[in-house]
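One letter stands for each residue in the lines below.
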Amino acid sequence: GLITAHGQFKSTLPDADREREAILDIQRQAQKIADYNHIKLTGNPYTTVTPEIINFKWEKVQQLVPKRDNALKSEQDKQQSNERLRLEFASLANVEGPWIQSKMEEIGRIAIEMHGTLEDQMSHLKQYEQSVINHKPNIDRLEQKHQLIQEALIFDNKHTNYTMEHIRVGWEHLLTTIARTINEVENQILTRDAKGISQEQMHEFRASFNHFDRDHTGALGPEEFKACLISLGYDVENERQGEAEFNRIMASVDPNNSGMVTFQAFIDFMSRETTDTDSADQVIASFKVLAGDKNFITAAELRRELPPDQAEYCISRMAPYHGPDTVPGALDYMSFSTALYGESDL
C-alpha cells in the first residue's frame, strides 16, 4: 500500500516541475522588466518565497524520492523474506505436528494390542522407538527455521497453528510415552515369569482390560474397574459389603489414590487372584534364570534384570552367598526365596 501511494506521488512530479518552471518564468519576466527600467528588485511584497527557496526545496524532493524508493524496497524485501520464513516453518510444522499426533495414537494402539507374545510386542516397540529416533533430523530442521524466525523478530504466523514450543512438548511427550510403554512391557514380562502366568492368560487379562478401557487411555477409572470386576465374578455391587470389598481391592491396585488402575496393577492383582502363591521352588527357579543358571546372583544382575525398587528390595535382604563357586559380592537367592516363601510382595 505504501509503495502504491508513493508511486502515485511520483506520478505528480512532472506536473509539479512544470508548475515550478512556470513560477520561475514569472520571476524572470519581472526581473527582465526591472532590468529594462533600471529598477532594483529588493523582494516581493506579496510573498516571502524566493526562487532560491523553491529550487532548494525541489532539489530536496529530488533527493528524498530515491531514498523513499530504497526504504520501501528494503522493507518489501524484508517482509517478503519474513513471509518465506513463515511459509518454510509452516510447511514443516504442519507435517511434524500431525506426525507426532499420529505416532502418539499408534503407540497407544501398540500398548493395548494382543498380537503375539510380550517379547514380540517388546521387539515391535524397540523398532518403533528407533524409527522415531531416526526422525529427529526433521525436528532439528524445524528448530533451525525457528531460530531464523526468532532472529528476524517474527511473532506471528498465519500459515500454521503449531509453534515450536508445541512441537518440542509433543516430541518429548512421544519419546517419554514410548520409553514408558517399553518399561511397562518389561514389567509385564517380569510379572509373567515371576508368577508363572501363561501367554494365554496374559491375552485374557489384556482382552478383559481393553474391553472396559473404552476411552483407550491405558488405565481404568473406578467405575470401569468395578464393571470389569463384576464381569469376572467379583461381588462388588453397590451394597455396603460389596462397596467395602471394592474399596479394599481398589486400595491394593491404586495405593497412591490416583483414581486410575493401570494394566500392570491389573495383572498384578489378577495374578494374585488366579494363581497359587509362589512356592519357594518357583521363586528360586526364576532367580536362577536371572542369574544365568548360577547358584548365586550379583547386585549388578538384579539391577539389570529387575525394576529399581524390586532390585533394591532383593539386594537389601539377600544374605551373602558362601558356596565353593562364590565370587565377591555374590548373593544367596535360595535362602532369600525360602525365607520369603508366601509373601505376596516378592
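Notes on the structure follow. Remember, it's a predicted structure, so these values are computed and weren't measured experimentally.

### Focus: the side chain of threonine 177
Point 1. Relative to the elements of secondary structure, threonine 177 occurs in helix α6 (residues 164-195).
Point 2. Note on threonine 177: relative accessible area 6%, which makes it buried.
Point 3. Setting aside anything within four residues of it in sequence, one finds threonine 177 in contact with Met104 and Ile107.

### Digging into the pattern of salt bridges
It is possible for side chains bearing opposite charge to pair when their charged atoms get close.
Point 1. Here the structure, examined in full by the defined rule, presents 22 salt bridges.
Point 2. Salt-bridge contacts for aspartate 77 lead to lysine 73; the nearest nitrogen and oxygen are separated by 2.9 Å. Separated by four residues within a single helix, aspartate 77 and lysine 73 lie in helix α3 (residues 51-112), roughly one turn from each other.
Point 3. For aspartate 77, a relative accessible area of 33% corresponds to the partly exposed category.
Point 4. Classification of lysine 73 by relative accessible area gives partly exposed; the value is 44%.
Point 5. Here glutamate 143 makes a salt bridge to arginine 168, at a shortest N to O gap of 2.8 Å. Of this pair, glutamate 143 sits in helix α5 (residues 136-151) while arginine 168 sits in helix α6, and the two are 25 residues apart along the sequence.

### Focus on helix α8 (residues 222-231)
Residues spaced three or four apart along an α-helix face the same direction, because each turn holds 3.6 residues.
Point 1. Those residues of α8 that sit buried are Glu224, Phe225, Lys226, Cys228 and Leu229.
Point 2. One or two residues past the end of α8 sits glycine 233, with phi positive at roughly 100°.

### Examining the layout of surface pockets
Over the atoms, a rolled probe matching the size of one water molecule traces out where space is still vacant.
Point 1. Computed from the structure, the largest pocket encloses a volume of approximately 1,300 Å³.
Point 2. Lining the largest pocket are 41 residues; nearest its centre among them are Thr191, Gln264, Asp268, Pro307 and Gln310.
Point 3. Elements supplying a minimum of two residues to the lining of the largest pocket: α6, α9 (240-253), α10 (263-274), α11 (280-290), α12 (299-305) and α13 (308-317).
Point 4. For the lining of the largest pocket, the residue count by class is 18 nonpolar, 11 polar and 12 charged.
Point 5. There is about 480 Å³ of room inside the second largest pocket.
Point 6. Contributing to the lining of the second largest pocket are 22 residues, with Ala111, Arg180, Glu184, Thr217 and Gly218 lying nearest its centre.
Point 7. Of all the elements in the fold, those that place two or more residues in the lining of the second largest pocket are α3, α6 and α10.
Point 8. The dominant element in the lining of the second largest pocket, judged by the number of residues it contributes, is α6, at seven residues.
Point 9. Here the residues of the lining of the second largest pocket sort into eight nonpolar, 11 polar and three charged.

Criteria and cut-off values
- Residues numbered from 1 in each chain as written.
- Predicted model: local features only at pLDDT ≥ 70, side-chain atom pairs only at ≥ 80, totals over all residues.
- Heavy atoms only, no water.
- Helix = DSSP H or I, 4+ residues; strand = E, 2+ residues; numbered from the N terminus.
- Buried < 20%, exposed > 50% of the residue type's maximum accessible area, 1.4 Å probe, protein only.
- Contact = heavy atoms within 4.5 Å.
- Salt bridge = Lys/Arg side-chain N within 4 Å of Asp/Glu carboxyl O.
- 1 Å grid on protein atoms, 1.4 Å probe; cavity = no way out; pocket = protein on both sides within 12 Å on 5 of 7 lines; lining within 4 Å.
- Points joined across faces, edges and corners; volume = space filled by probe spheres on them.
- Nonpolar A, V, L, I, M, F, W, Y, C, P; charged D, E, K, R; others polar.

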